[in-house]
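# Architecture and fold: a report
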Amino acid sequence: MSRYSLNIITKKSEVSNITFDGTSIGNYFLPVPESDYAYARINTYGGNHTIRSNDGFIAYVYGFGQNESFGYATGASLGNLNIDFIVNDQNEKTPIDSLCLGSEITFQPIVDSIYTLFEYDFGDGYKVVTQSDTPVIHQYNRIGEYLVTLRASTGGNDCSNGNEEISRKLIRIIEPNTRVFGPRSVCPNTTDVAYYLKESLQNFYQWFVKGGYFSEQEPKSVKVNWLETNNLAKIQLLASNRYGCISDTISYPVKINIQLDPEAPFGPDTLCSNDIVEVPYESYFTNSSVYQWDTDFGTISNGNGTNQITINWESYGNGKLWFNQHSVTDTVCDGMSDTLLVYIQRNPSELGSIVVEKDTFYLGETVRISLDADTLFQFANWSFDDGTTLDTINAKKSIDHIFQCQGLHSFSAVAYDTGTVCSETKALLYKQIYILPPNIDLINVTLSATQENALDIHWQMNDGNFYTKNLYLYRTIAGQENWKPIATLNPEETSYTDPDVNTIENSYEYKIETNTDCEDILTSKIHQSILLQSQQEDSVGYFNWNNYLDWQNGVDHYEIWISIDSSEYRLFENNSTLQFTYLDQNTGFDHCFEIRAIEKNGNNSMSISNTSCVAFVPKIKTYNIITPNTDRFNEYFTIDNIEHYPNSKLSILNRWGETIFETIGYKNDWNGKNHGKQMLAGTYYYQLDLNEPRNEIKTIKGFFSILY
């Protein structure tokens, strides 16, 4: 542990009386809001510490280290918590995180005299109960960390007739640990054989030898002159640390014999095939020995004959390396080493490719991506230019990605493997694809077929089968720039009726936008409704309208449709200009027109304008003679344009003022008869009551003659 933190809570009234290791710590406390308590946090160090308070406290200790941390309570009562214990081994200055394995550790309670029962839990499965505050000794058999708990009580078994306090400490049991290196098989009478330790701790060492004697001795290394043949020779070592902890005896057996049995060579036994040149190996060195190295999978490039060589391995696969050691002073002493098995992994190829079905996709379409890379790569990290990243993906697994913006996109993959000798080798692969945007094709803006004074907007999304984002419809009065969003549309929709317009007075422009989160917003062409306007001078009407723009091939022609007095519209004429003149033809009162723009090719669409009307008054004309003699000329009393006055009343009188014929809605069908009797030749009188408010003339009177 590198640092410790002590956290304490006590009553506000008690902070001036609380001490830590005999020193007042009242100035460390801060009030707990809306309570009678205060708290403090104190940084401290490992070892034995004492907290004293008249009215008690709650305390918790935290320890922090590089590899692990801990925390435990040292008190949990606001009663009389004056209990603690001291931990010591053979060295009273040993901190509790460095106690020696196997030493007798003394646990000394520090308590008030009211307590009569003490229960120890040493954290290793052993417990001790005493009835006095005398020290207790305990030995640990294993290294490690242990939470020691001391429970002091007055012997009562409930809160009404007893009192109990608890103190806890975390201790650590350690033992010096080291390892001896050097040859385990030597020839008889070999001198100055080196043995050493690979140890960075500041321990103290005692060396011992059996079957030889030291020719040189240092704290962490020795040289030995071995004697005659002895299969029980050995080096022994005792280690102790600065706190006096002593290790078990370390025994390193050595065989002294003319038949050598060297250990396998030392060096890397797993390699990547990109790093197999001049690979170093060695064995323990002994004087007067020659080392003859051999392999079945490479070439000894340097050092053959010594205890250190380099080798060039042949390729990837499994190789073997061994040597024969013999003494040049005693040719009888030799032996073959154990074989070092070396696994050489094939270095994966850094070549490969990212595989997609095609290089061009539509916006919203799923792009399925896979890797064509070396099979040794197990994982891949993906990175897309839209900011998406995917880490630790199975390299053999396809992934799906949807790009949200159109245009040229790039993405990359890093294929790799972890936990292998070739883990440094990676394949960095790169790919570009193009995302095609769908085309928003405005078909037409036309007078609504279902609502008065409204416009229908029709469109289609070409190549938009994968597109799921909303569309936004905008409108402005033609010629203005203040575009107003009027509707949010689903991409599956193809039409919208705009009721919030005045088609009589204005022409409107419309456009559709989408993908507004991207730099390149998808926008349709602008389509403008047709506004038909008219002026009238006496019996002449003048009509004009705006051109319908932005069809791909333009307008083929304009059709002029007419409706007279609310009759069905009929084609009046075709027109290639943007105006026409209409003369009164006495065919009705209200002459209403609409313009239909016909698209040239493309969708063969049509746009209908608003309705614009001119008003005329059909003129009444009578004739002063009829000749109902069956010669088919002038057979009937005729009134021109009377068909436009269906509510009119016609009365015909003789010269005595007698009504001889009367009808409403005359149809030019009276032939001079009264009740089937032919009237005599002579002069007759008529009165025509028009009953039509659109005509200022109310009654027309006159006379005519019947001739035979």
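Quantities reported herein were computed from a predicted structural model and do not represent experimental measurements.

Another aspect to go through is the overall build of the protein chain. When its secondary structure is counted, the protein chain shows 0 helices and 65 strands. In terms of overall dimensions, the protein chain is more spread out than a globule: its C-alpha atoms have a radius of gyration of 56 Å, far above the 27 Å expected for 708 residues. Burial statistics for the protein chain: of 708 residues in total, 42% are counted as buried. Approximately 38000 Å² of the protein chain is accessible, and the part contributed by carbon and sulfur atoms is 46%. Separation between the mean location of the 48 positive side-chain charges and that of the 88 negative ones in the protein chain comes to 4 Å.

To continue, consider the pattern of salt bridges. On inspection of all chains with the given rule, the structure shows 14 salt bridges. For Arg-346, the salt bridge goes to Asp-374, with nearest N and O atoms at 2.7 Å. With Arg-346 in the loop between β32 (340-345) and β33 (352-356) and Asp-374 in the loop between β35 (367-373) and β36 (379-384), this pair connects stretches of sequence that are 28 residues apart. Owing to a relative accessible area of 13%, Asp-374 belongs among the buried residues under this scheme. Close ionic contact of Arg-694 with Asp-590 constitutes a salt bridge, the shortest N to O distance being 3.2 Å. In this pair, Arg-694 sits in the loop between β64 (682-689) and β65 (699-706) while Asp-590 sits in strand β54 (residues 590-599), placing the two residues 104 residues apart along the sequence. What makes Arg-694 partly exposed here is its relative accessible area of 39%.

Applying the stated criterion across every chain, the model contains 35 aromatic pairs. Between Phe-589 and Tyr-645 the ring centres are 5.4 Å apart and the planes differ by 80°, which places this aromatic pair in the edge-to-face class. Here Phe-589, found in the loop between β53 (579-583) and β54, pairs with Tyr-645, found in the loop between β59 (639-640) and β60 (649-653); they are 56 residues apart in sequence, far enough to count as distant. Sitting over the ring of Trp-561, Arg-596 keeps its end group 3.9 Å from the ring centre.

Right, let's get into the nonpolar core. Ile-369, Leu-371, Trp-382, Phe-411, Tyr-510, Tyr-582 and Phe-593 are the most contacted members of the largest nonpolar core, which totals 57 residues. Ignoring sequence-local partners within four residues, the contact set of Trp-382 consists of Ile-354, Ile-369, Ser-370, Leu-371, Thr-388, Thr-389, Leu-390, Ile-393, Ile-399, Phe-411, Ser-412 and Ala-413.

For the rest of this paragraph, the subject is the pairing of strand β61 (residues 659-664). Here 5 bridges tie β60 to β61, and the two strands are oriented antiparallel to one another. Within the sheet, the bridge partner assigned to Ile-652 lies in β61 and is Phe-661. Taken together, β60 and the strand that follows it, β61, pair antiparallel across an intervening segment of 5 residues, in which Gly-657 is found at a positive phi of about 80°.

Applying the stated criterion across every chain yields a total of 5 disulfides. For Cys-187, the disulfide goes to Cys-333, at an S-S distance of 1.8 Å. Because the torsion about its S-S bond is -95°, the bridge between Cys-187 and Cys-333 counts as left-handed. With Cys-187 in the loop between β18 (185-186) and β19 (193-197) and Cys-333 in the loop between β30 (317-327) and β31 (334-336), this residue pair connects regions lying 146 residues apart in the sequence. Grouping residues by exposure puts Cys-187 and Cys-333 together as buried. Each sulfur of the disulfide joining Cys-592 and Cys-613 lies 1.9 Å from the other. An S-S torsion of about 105° defines the bridge between Cys-592 and Cys-613 as right-handed.

Across the protein chain, pLDDT averages 90, with 95% of residues at or above 70. Between residues 76-81, whose pLDDT stays under 50, and residues either more than four places distant or in other chains, the model counts 23 contacts.

This brings us to the side chain of Thr-190. Mapped onto the fold, Thr-190 is located in the loop between β18 and β19. Its relative accessible area of 9% is what places Thr-190 among the buried residues. Within polar-contact distance, the side chain of Thr-190 engages the backbone oxygen of Cys-187 at 2.6 Å. With residues near it in sequence (within four places) discarded, Thr-190 still touches Val-224, Asn-225, Trp-226, Thr-286 and Asn-287.

Attention shifts here to the environment of Ile-457. As for its position among the elements, Ile-457 is in strand β42 (residues 455-462). In sequence terms Ile-457 and Val-128 are 329 residues apart; their C-alpha atoms lie 92 Å from each other. Other than its neighbours up to four places away in sequence, Ile-457 contacts Leu-442, Asn-444, Val-445, Leu-473, Thr-494, Ser-495, Tyr-496, Asp-498 and Tyr-510.

Attention now goes to empty space enclosed by the protein. Across all of its chains, the model carries 4 cavities of 30 Å³ or more by this definition. Reported here for the largest cavity is a volume of approximately 90 Å³. Taken together, 13 residues make up the lining of the largest cavity; nearest its centre are Pro-183, Pro-262, Glu-263, Tyr-284 and Gln-325. For the lining of the largest cavity, the residue count by class is 7 nonpolar, 4 polar and 2 charged.

So, on to the sheet that holds strand β6 (residues 51-52). Sheets are built from strands paired through backbone hydrogen bonds, the pairs being either parallel or antiparallel. Taken in spatial order, the 3 strands line up as β3-β2-β6 in an open sheet, and their pairing is antiparallel. Two strands bound the open sheet, and with one partner strand each, they are β3 (23-24) and β6. For strand β2 (residues 19-20) and β3, the ladder comprises 2 bridges, and the chain directions are antiparallel. Each bridged residue has a counterpart across the sheet, and for Thr-19 the counterpart in β3 is Ser-24.

Let's shift gears to unusual backbone geometry. Among all residues save glycine, negative phi is the norm, and among peptide bonds the norm is trans. Phi is positive for Asp-463, which is not a glycine, with a value near 60°. Not every positive phi belongs to a glycine, and Ser-566 is a case in point at roughly 65°. Looking at the secondary structure, you find Ser-566 in the loop between β51 (555-564) and β52 (570-575).

How each quantity is defined
Residues numbered from 1 in each chain as written. Predicted model: local features only at pLDDT ≥ 70, side-chain atom pairs only at ≥ 80, totals over all residues. Heavy atoms only, no water. Helix = DSSP H or I, 4+ residues; strand = E, 2+ residues; numbered from the N terminus. Rg over C-alpha atoms; globule rule 2.2 N^0.38 Å. Buried < 20%, exposed > 50% of the residue type's maximum accessible area, 1.4 Å probe, protein only. Areas by Shrake-Rupley, 256 points an atom, 1.4 Å probe, with all protein chains shown as cover. Lys, Arg positive; Asp, Glu negative; His and termini not counted. Charge placed at Lys NZ, Arg CZ, Asp CG, Glu CD. Salt bridge = Lys/Arg side-chain N within 4 Å of Asp/Glu carboxyl O. Phe/Tyr/Trp six-rings, centres within 6.5 Å; stacked < 30°, edge-to-face > 60°. Lys NZ or Arg CZ within 6 Å of the ring centre and 35° of its normal. Core = buried A, V, L, I, M, F, W, Y, C linked by side-chain atoms within 4.5 Å. Contact = heavy atoms within 4.5 Å. Pairing = 2+ DSSP bridges. Disulfide = S-S within 2.5 Å. pLDDT = per-residue confidence, 0-100. Polar contact = N/O pair within 3.5 Å; in protein donor to acceptor, adjacent residues only side chain to side chain. 1 Å grid on protein atoms, 1.4 Å probe; cavity = no way out; pocket = protein on both sides within 12 Å on 5 of 7 lines; lining within 4 Å. Points joined across faces, edges and corners; volume = space filled by probe spheres on them. Nonpolar A, V, L, I, M, F, W, Y, C, P; charged D, E, K, R; others polar.

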